[in-house]
Amino acid sequence: KPSFNAIYITNQLPDSITGDGDNRYNVAELRDTTSSVMSKMCHPSKKCNVCGTEFYPLPYAHFTGNMFSTSCGYVRDLLPPKTFETEMYNIAGDAFLAHLRTQFTTELFKFTPQILGLHQHSIEHWIGGHPYLKPCDVAPMSTEIL
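Structure report, in brief. (Residues numbered from 1 in each chain as written. Predicted model: local features only at pLDDT ≥ 70, side-chain atom pairs only at ≥ 80, totals over all residues. Heavy atoms only, no water.)

## Brief notes about the sheet that holds strand S1 (residues 5-8)
Spatially, the four strands line up as an open sheet ordered S1-S5-S2-S6, and their pairing is mixed. A single partner strand is all that each edge strand has here, and the edge strands are S1 and strand S6 (135-137). Strand after strand, the sheet turns through a mean of 20° between neighbouring axes, direction not considered. Sitting on the sheet, helix H1 (residues 27-38) touches S1, strand S2 (50-52) and strand S5 (68-71), and the angle it makes with S1 is about 175°. (Pairing = 2+ DSSP bridges. Helix = DSSP H or I, 4+ residues; strand = E, 2+ residues; numbered from the N terminus. Axes fitted to C-alpha atoms, helices over the stretch in contact; angles between N-to-C directions. Contact = heavy atoms within 4.5 Å.)

## A few points about the environment of His125
Along the polypeptide, His125 turns up in helix H5 (residues 122-126). Taking relative accessible area as the criterion, His125 reaches 8% and is therefore assigned buried. Note: C-alpha distance between His125 and Met88 (37 residues apart in sequence) is 8.8 Å. The contacts of His125, once residues within four sequence positions are left out, are Tyr60, Phe84, Met88, Gln114, Ile115, Leu116 and Gly117. One polar contact links the side chain of His125 to the main-chain carbonyl oxygen of Gln114, over a distance of 2.9 Å. (Buried < 20%, exposed > 50% of the residue type's maximum accessible area, 1.4 Å probe, protein only. Polar contact = N/O pair within 3.5 Å; in protein donor to acceptor, adjacent residues only side chain to side chain.)

## Overview of the packing of aromatic side chains
Enumeration over the complete set of coordinates arrives at two aromatic pairs. Consider the rings of Tyr8 and Phe68, whose centres lie 5.3 Å apart with planes at 20°: the pair is stacked. In this pair, Tyr8 sits in strand S1 while Phe68 sits in strand S5, placing the two residues 60 residues apart along the sequence. Overall, Phe68 belongs to the buried group, its relative accessible area being 4%. (Phe/Tyr/Trp six-rings, centres within 6.5 Å; stacked < 30°, edge-to-face > 60°.)

## Comments concerning the side chain of Ser122
With respect to the helices and strands, Ser122 occurs in helix H5. In contact with Ser122, other than residues within four places in its own chain, are Phe84, Glu85, Met88 and Gly117.

Next comes the structure, spelled out in structure tokens:
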């Protein structure tokens, strides 16, 4: 039903963007991320249609741990995951060719399968692939960086 909520939880955190280390089965991080996504504070609303622990717009729209809460209506409007994976593969090929033709540079983020959303990494891009994404997160903001 479109008005119902859906929560996506996994027991395997994606590798870090840099590829350094392996975050799989980090119990403390899994517990914190799962608790955040399942909390009463993390529900879709008029201002937010996908909620997670921490949202990052770069290098692609994603949530920490690839766990989130959203509405069934939002998920219904996404491409099916396998179709999305195929589309990401096509887009990555186009991006790589444009890069080879020096139509743009990749100095900020290097092309990696995770950044491009290839193969198993496409699922990390999937929830952020909606044209009407309005993300919110429930992580406390650190004032140390301000």
